[in-house]
Amino acid sequence: MTRNGVAILDSTVSGRFSEVAFEDRAVGLTVPAHEADGQISLPAIDPVHVVGMFLDADPLPLEPEKPVRIVLRSSRTPRRLTIYLRR
């Protein structure tokens, strides 16, 4: 996914992402159900700006390297990814 010619989201998870919102203080999207493990990369977000990341209510670890990457285990149901930012 790109915005103004800049890559903002890349994923190995296939399916339709929904409720996608990139805002100043938060990024949110619903990850579709998927049979295989995968990942989401957010190259436009610097990890130093991330306050917290959650998949549904579960906190996710954050590595300091760029880009921000989220490893996703297979899931039979859609899940909500939320990333809180400081700007």
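Anything mentioned here points back to the structure above.
Residues numbered from 1 in each chain as written. Predicted model: local features only at pLDDT ≥ 70, side-chain atom pairs only at ≥ 80, totals over all residues. Heavy atoms only, no water.

Draft legend 1. Structural detail: the pairing of strand E10 (residues 79–85). Two strands pair when backbone bridges link them, and strand E5 (residues 26–31) and E10 are joined in this way by 6 bridges, in the antiparallel orientation. The residue bridging Val 31 from the neighbouring strand is Arg 79, located in E10. When strand E7 (residues 50–55) meets E10, the two strands line up antiparallel, connected through 5 bridges. Looking at the pairing, Val 50 lines up with Leu 85 of E10. (Pairing = 2+ DSSP bridges. Helix = DSSP H or I, 4+ residues; strand = E, 2+ residues; numbered from the N terminus.)

Draft legend 2. Geometry of the sheet that holds strand E8 (residues 58–59). An order of E4-E5-E10-E7-E8 is seen for the 5 strands of this open sheet, with the pairing classed as antiparallel. Each having just a single partner strand, strand E4 (18–22) and E8 make up the two edges of the open sheet. By the bridge criterion, 2 bridges tie E7 to E8 in an arrangement that is antiparallel. The residue bridging Phe 54 from the neighbouring strand is Pro 59, located in E8.

Draft legend 3. Broad picture of the pairing of E4. Of the pairings in the sheet, the one linking E4 to E5 comprises 3 bridges and is antiparallel in character. Directly across from Ser 18, in E5, lies its bridge partner Thr 30. Between E4 and E5, which follow one another and run antiparallel, lie 3 residues.

Draft legend 4. Examining the environment of Pro 59 more closely. Positionally, Pro 59 belongs in strand E8. Along the chain, Pro 59 and Ile 8 lie 51 residues apart, while their C-alpha atoms are 21 Å from each other. Discounting chain neighbours no more than four positions away, the residues touching Pro 59 are Met 53 and Phe 54. (Contact = heavy atoms within 4.5 Å.)

So, to be careful, I would describe these as geometric facts and stop short of saying anything about function.
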